[in-house]
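Listed here are the chains, written in short residue letters.
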Amino acid sequence: MLFRPQDIRSIATQINAGAVGVFPCDTLFGIVGRFDETVLTKIRSIKGKSQHASLLALIPHKGWISRLCAPLSSAQSTLVNTQWPGPVTFVFDAHPNPLLSINDMGSIGLRYPEFLPLNMLLDAVDYPLFSTSVNLSGQPAILDPNEMDETLLSQLDFCYKDVFPMHQQPSTVMDLRCTPFQCLRSGVSLSL
C-alpha cells in the first residue's frame, strides 16, 4: 500500500471546505464528504437517492458515539468494543439532540474503520464523514475504479484511487436497536 500523506491532507482540506469525492474505504471505494446537511443533500443528489435515504457515517474515534447516538446498553457497548475498529456498520438510535437529522427513522449507521489511509483522512478532517458506495442508486457497487461511471465522476470534486480498499466487499450491517441484534446485511465476516 503506497500513498502519500500529503495527498490525504490535501483531500481533507477539500472535504472540510465542502468537497465530495471518491476515497478507498476499508470495505469498498466510497463517495465521502463531511457530516453536514449540505453534503448529505449533495451526495443523495449525485447518487439519485431519495432525499430520505440513509447514509452511514464513518467516525474518527469512538468518542463520537456519545455525540451521535443515544446512550448504549452494556450489550451494545460490548459488541462495539469487540468489533471496532473494523468493517462493521452498526445501526443505533440517534442522539436525542443530533448534530443533524439524517433520516426520518431516528436511527444512525456508524462505522469506525481500521484502514490506514482512511484513518489518516478521518484524523485530518477531525469530523465524521458520510460514506456510500460508488454507484448510482440501485446499481451494484464498483470494485474497479476504472469502471466508475463518468457521469457520476463528473459531479464529484476528487477521485483518489491510488490505494485499493482492504476488503473489496461491503461492511456487515448490524441493527443494535432491537433485541436480539439483527444482521441487516452480510458482508465482511464478523469476529465473534
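For the structure, see preceding data.
The paragraphs below set out a description of the structure included in this document. Each chain carries its own residue numbering, running from 1 in the direction its sequence is written. pLDDT decides what is reported in this predicted model: residues at 70 or higher carry local features, side-chain atom pairs at 80 or more are listed and counted, and totals for whole chains, interfaces and linings draw on all residues regardless. With hydrogens and water stripped out, all remaining heavy atoms of the structure feed into the side-chain values.

## A short note on the overall build of the protein
Rules: Elements are defined by DSSP. Helices are runs of H or I of four residues or more, strands are runs of E of two residues or more, and each kind is numbered from the N terminus. Only the C-alpha atoms count toward the radius of gyration. The rule for a globule is 2.2 Å times the residue count to the power 0.38. We call two residues contacting when some pair of their heavy atoms lies within 4.5 Å. Where accessible areas are quoted, they stem from the Shrake-Rupley method and a 1.4 Å probe; at the residue level, only the protein chains shown are allowed to cover.
Scanning the protein from N- to C-terminus turns up six helices and nine strands. For 192 residues, the compact-globule formula gives about 16 Å, and the C-alpha radius of gyration of the protein, at 16 Å, lands near that figure. Its C-alpha atoms give the protein principal-axis dimensions of roughly 45 × 35 × 30 Å. By sequence separation, contacts in the protein at least 24 residues apart represent 69% of the contacts at least 6 residues apart. Here the protein has roughly 8,900 Å² of accessible surface; of this, 51% comes from carbon and sulfur atoms.

## Examining helix H5 (residues 116–125)
Threshold: Only protein chains enter the calculation, and the probe is 1.4 Å; a residue is then buried if its accessible area is under 20% of its type maximum, exposed if over 50%, and partly exposed in between.
Three or more residues of H5 are buried, namely Pro-117, Leu-118, Asn-119, Leu-121, Leu-122 and Val-125. Residues of H5 that are buried make contact with helix H1 (5–16), strand E1 (20–24), strand E2 (29–34), strand E3 (56–58) and strand E6 (129–133).

## Side note on helix H4 (residues 74–83)
This is how it is decided: As used here, the arc belongs to the directions running from the helix axis to the C-beta atoms.
Buried within H4 are the following residues: Gln-76, Leu-79, Val-80 and Gln-83. Projected onto a plane normal to the axis of H4, the buried residues spread over an arc of 100° and lie on a single side. Of the exposed residues in H4, those oriented more than 90 degrees away from the buried face are Ser-74 and Thr-78. Those residues of H4 that are buried are in contact with helix H3 (65–68) and strand E4 (88–93).

## Some remarks on the sheet that holds strand E5 (residues 107–111)
The criterion, for reference: Note: two strands are recorded as paired if DSSP finds a minimum of 2 bridges between them.
Taken in spatial order, the nine strands make up an open sheet running E7-E1-E2-E6-E3-E5-E4-E8-E9, and their pairing is mixed. The open sheet has two edge strands with one neighbour each: strand E7 (158–159) and strand E9 (182–185). As paired elements, E4 and E5 share four bridges and run antiparallel to each other. Within E5, the residue paired with Asp-93 across the bridge is Ser-107.

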